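# Analysis of the macromolecular model
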Amino acid sequence: MNFLLTTVLAASLGLAAAGGALAHAETKHAGPTESPRLEQKPWGIAAPPKAAQRTVVLRMSDKMRFTPDRIQVRQGETLRIVVHNDGRLMHEFVLGTRAELDAHAALMVKFPTMAHDEPYMAHVEPGKKGEIVWHFNQAGEFEFACLIAGHYQAGMVGKVSVSALVK
């Protein structure tokens with residue numbers, strides 16, 4: 001088992017044992033006016049709201065789908081991604097690689113009340129909207145998903161295609 005997965009599992013078990021784990025709906029997440037934590041990921045890095053060059057609007061439904069389910073981005077572009085939850089269930093938008101999303105989804109099945117707050121995630125209550133601002137500085141194919149237990153497994157996923165800079 002890799003070090004990161006082992007660390008996450010140990011932390012999750014510790015939180016659950018202490019009774020300190022919170023459900024997604026109960027966690028406080030950074031709002032669009034707060035400074036995001038800047039940590040380079042394979043799919044890019046968080047950016048402040050004022051850096052957004054374009055806004056993309058996605059809708060989430062209880063049919064376990066995103067609309068649209070594909071986003072086209074140019075490498076170096078910063079997007080404000082606004083997600084509307086049109087359903088009656090809690091949903092979320094999480095950016096990542098397939099491997100990262102698979103690992104996180106498996107943890108969410110085992111620990112559905114796992115608390116976390118990352119700038120590449122937006123947890124959205126029914127009838128509400130959330131947003132993230134993300135700088136896509138890495139070219140490639142990435143994904144987004146709802147990782148609430150059962151939603152990912154039901155196909156609540158989408159793709160982000162980041163085209164490389166032409167030199």
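What comes next concerns the included structure. Everything numeric in this text was worked out from a predicted model, so none of it was measured. (Residues numbered from 1 in each chain as written. Predicted model: local features only at pLDDT ≥ 70, side-chain atom pairs only at ≥ 80, totals over all residues. Heavy atoms only, no water.)

### Some words on the overall build of the chain
Here is the rule: A run of H or I in DSSP counts as a helix once it spans at least four residues, and a run of E counts as a strand once it spans at least two, with each numbered from the N terminus. Note on classification: 1.4 Å probe, protein chains only; a residue is buried when its accessible area is under 20% of the maximum for its type, exposed when over 50%, partly exposed between these limits. Note on contacts: a residue pair is in contact if any heavy atoms of the two residues lie within 4.5 Å.
Across its full length, the chain holds 2 helices and 10 strands. The order of α-helices and β-strands along the chain, N terminus first, is α-β-β-β-β-β-β-α-β-β-β-β. In the chain, which comprises 167 residues, the proportion classed as buried is 41%. Taking all contacts inside the chain whose residues are at least 6 apart in sequence as the whole, residues at least 24 apart take part in 77%.

### A look at the pairing of strand E8 (residues 129-136)
Looking down a regular strand, the side chains alternate between one sheet face and the other. Under the convention used in this document: We call two strands paired when DSSP finds no fewer than two bridges between them.
Examined bridge by bridge, strand E1 (residues 45-46) and E8 share 2 bridges and lie antiparallel to one another. What sits directly across from Ile45, in E8, is His135. Strand direction decides the pairing type here: strand E5 (residues 77-85) and E8, joined by 8 bridges, are antiparallel. Its bridge partner being in E8, Val82 is matched across the sheet by Glu131.

### Quick look at the pattern of salt bridges
Applied cut-off: In the sections that follow, a salt bridge refers to a side-chain nitrogen of Lys or Arg positioned within 4 Å of a carboxyl oxygen of Asp or Glu.
Here the structure, examined in full by the defined rule, presents 7 salt bridges. A single salt-bridge network, built from bridges that share partners, covers Arg54, Arg74 and Glu77.

### Looking at the sheet that holds strand E10 (residues 157-163)
Spelled out, the test is: Fitting a line to C-alpha atoms yields each axis, with helices limited to the stretch in contact; the angle taken between N-to-C directions then spans 0 to 180 degrees.
One open sheet accounts for 5 strands, arranged E4-E10-E9-E6-E7; its pairing is mixed. Both outer strands of the open sheet, strand E4 (70-74) and strand E7 (121-124), are each paired with one neighbouring strand and no more. Taken pair by pair, the neighbouring strands of this sheet meet at an average axis angle of 20°, ignoring direction. Bridge count between strand E9 (residues 140-145) and E10: 6 bridges; the pairing is antiparallel. Across the sheet, Ala145 pairs through a bridge with Val157, a residue of E10.

### So, the nonpolar core
This is how the line gets drawn: Among the buried residues, those of types Ala, Val, Leu, Ile, Met, Phe, Trp, Tyr and Cys that are joined through side-chain atoms within 4.5 Å form a nonpolar core.
If you look at the biggest cluster of nonpolar residues, it comprises 39 residues, and the most contacted ones within it are Phe93, Leu95, Phe136 and Val160. The element best represented in this core is helix H2 (residues 98-110), accounting for 4 residues. Those residues in contact with Leu95 that sit more than four places away from it in its chain are Trp43, Leu101, Tyr120, Ile132, Trp134, Phe136, Glu143, Phe144 and Val160.

### Quick look at the sheet that holds E8
The sheet built from 5 strands is open, its strands ordered E1-E8-E5-E2-E3 with mixed pairing. Of all the strands in the sheet, just E1 and strand E3 (65-67) have a single pairing partner and so form its edges. Pairing geometry for strand E2 (residues 54-61) and E3, over 3 bridges, is antiparallel. What sits directly across from Met60, in E3, is Phe66.

### Overview of the side chain of Glu77
Keep this limit in mind: What qualifies as a polar contact is a pair of N or O atoms within 3.5 Å, subject to a donor-acceptor requirement within protein and to the restriction that residues adjacent in sequence count only when both atoms come from side chains.
When you line up the elements, Glu77 lands in strand E5. Glu77 gets classed as buried once you look at its relative accessible area, which sits at 5%. Within the local environment of Glu77, its side chain forms a polar contact with the side chain of Arg54, the two groups lying 2.7 Å apart. In contact with Glu77, other than residues within four places in its own chain, are Gln53, Arg54, Trp134, His135 and Phe136.

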